[in-house]
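# Summary of the model geometry
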Amino acid sequence: LLPDGDPLRTALLLDPHPVVRARAVETLGPEEALDASPHLFDLLRDDNPGVRLAAQLALLRCDARLVPHLMAHLEGEGSPGTLLGLEVAANLPDPRLGVVLLRHADDPDPNRRMLVATALGSTLSQTDQALAVLSALLDDPDSTVRSSAAGAIGRLGALELVPHLAAKLSDPVWVVRREAGASLARMAPV
């Protein structure tokens, strides 16, 4: 019922009841979500899964102006909110994110490594360091990480990694072989 821009809307993000926090986040438009992004990044660590999801969805509605705030969030120590922040980064194609994503490439959690691979493919950044990380993730022990790395290499069109990608056509896991083949096909006649 509160009109856009009403300061009470932001105050409700800090309400003690999780349903109120989640509903307050859901009502934020993209501009308001951008303004409230410091609160939203805090809510990615909320105890309530509904609040965390609402905060993540609000951040996903933001544009590239969110990148500096997202980078600051991802530079912090790993927390439950880091995984959700990596998912936001994977859906926000911006080359500025490449540097901070590399910090999470050797995380013990395969879900984080998978999101790093996906996000690196979305950043459209072909730095030597990013390509080296993708090459290493292509040999990850986890098949979802290998598959994500193969897809990222295809999205980037990283021709220098074609021999390594082609070797994944004989990976023991079908999903990795399929993604490697699709990526090679995406890169046309390599």
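Report follows, based on the coordinates. (Residues numbered from 1 in each chain as written. Predicted model: local features only at pLDDT ≥ 70, side-chain atom pairs only at ≥ 80, totals over all residues. Heavy atoms only, no water.)

## A closer look at the overall build of the protein
This is how the line gets drawn: The helix count covers DSSP runs of H or I at least four residues long, the strand count covers runs of E at least two residues long, and both are numbered beginning at the N terminus. Using a 1.4 Å probe on the protein chains alone, a residue whose accessible area is under 20% of its type maximum counts as buried, one over 50% counts as exposed, and one in between counts as partly exposed.
Per the secondary structure count, the protein includes 13 helices and zero strands. Helices and strands in the protein line up, N terminus first, as α-α-α-α-α-α-α-α-α-α-α-α-α. Referenced to the eigenvectors of the C-alpha coordinate spread, the extents of the protein come out at roughly 55 × 25 × 25 Å. Residues counted as buried form 47% of the 190 residues belonging to the protein.

## Thoughts on the nonpolar core
Filter applied, for reference: Take the buried Ala, Val, Leu, Ile, Met, Phe, Trp, Tyr and Cys residues and link them wherever side-chain atoms come within 4.5 Å; each set so joined is a nonpolar core. Contacts between residues were defined by any pair of non-hydrogen atoms, one from each residue, lying within 4.5 Å.
Formed by 57 residues in total, the largest nonpolar core has its most connected members in Leu40 and Leu134. It is helix 11 (residues 143-156) that contributes the most residues to this core, six residues altogether. With residues near it in sequence (within four places) discarded, leucine 40 still touches Val25, Leu28, Ala33, Ala55, Ala58 and Leu59.

## Details of the environment of aspartate 15
Quick note on the threshold: Each polar contact in these results corresponds to two N or O atoms within 3.5 Å; when the atoms are within protein, one needs to be able to donate a hydrogen and the other to accept it, and residues that are neighboring in sequence are counted only if both atoms are side-chain atoms.
For aspartate 15, the position within the fold is in the loop between helix 1 (7-11) and helix 2 (18-26). Those residues in contact with aspartate 15, other than ones at most four positions away along the chain, are Val20 and Arg21. Reaching out from aspartate 15, the side chain makes a polar contact with the backbone nitrogen of histidine 17 at a distance of 2.9 Å.

## A closer look at the packing of helix 5 (residues 49-60) against helix 7 (residues 80-90)
Cut-off, in case you're wondering: Lines fitted to C-alpha atoms define the axes, with helix axes restricted to the stretch in contact, and inter-axis angles between N-to-C directions lie between 0 and 180 degrees. Note that the term roughly parallel is reserved for angles under 35 degrees, roughly antiparallel for angles over 145, roughly perpendicular for angles of 65 to 115, and oblique for everything else. Rotating anticlockwise by less than a right angle from the far helix to the near helix defines a left-handed crossing, while the corresponding clockwise rotation defines a right-handed one. Under the convention adopted here, Pro, Cys and the residues Ala, Val, Leu, Ile, Met, Phe, Trp and Tyr are nonpolar, Asp, Glu, Lys and Arg are charged, and Gly plus all remaining residues are polar.
Viewed as axis vectors pointing N to C, helix 5 and helix 7 meet at an angle of 25 degrees, and their least axial separation amounts to 10 Å. Put simply, helix 5 runs roughly parallel to helix 7. Of the two possible hands of crossing, helix 5 and helix 7 adopt the one that is right-handed. Across the interface between the two elements, Arg52, Gln56, Leu59 and Leu60 of helix 5 pack against Leu84, Glu87 and Val88 of helix 7. Class assignment for the residues of the contact of helix 5 with helix 7 results in four nonpolar, one polar and two charged.

## Description of helix 10 (residues 128-137)
Three- or four-residue spacings in an α-helix give side chains the same orientation, since the helix completes a turn every 3.6 residues. Within the sequence span of helix 10, burial applies to Ala130, Leu131, Val133, Leu134, Ser135 and Leu137. Residues of helix 10 that are buried sit in contact with helix 9 (110-123), helix 11 and helix 12 (162-167).

## Some words on the pattern of salt bridges
Operational definition: What makes a salt bridge here is a side-chain nitrogen of Lys or Arg within 4 Å of a carboxyl oxygen of Asp or Glu, nothing more.
In this structure the tally under the stated criterion is twelve salt bridges. Arginine 96 is paired through a salt bridge with aspartate 94; the nearest N and O atoms lie 2.8 Å apart. Exposure remark for arginine 96: the relative accessible area of 40% places this residue in the partly exposed category. Accessibility expressed as a relative area gives 7% for aspartate 94, which makes it buried. Here the residues in one salt-bridge network are Glu31, Asp63 and Arg65, joined through shared partners.

Any functional reading would require information that these geometric values do not contain.
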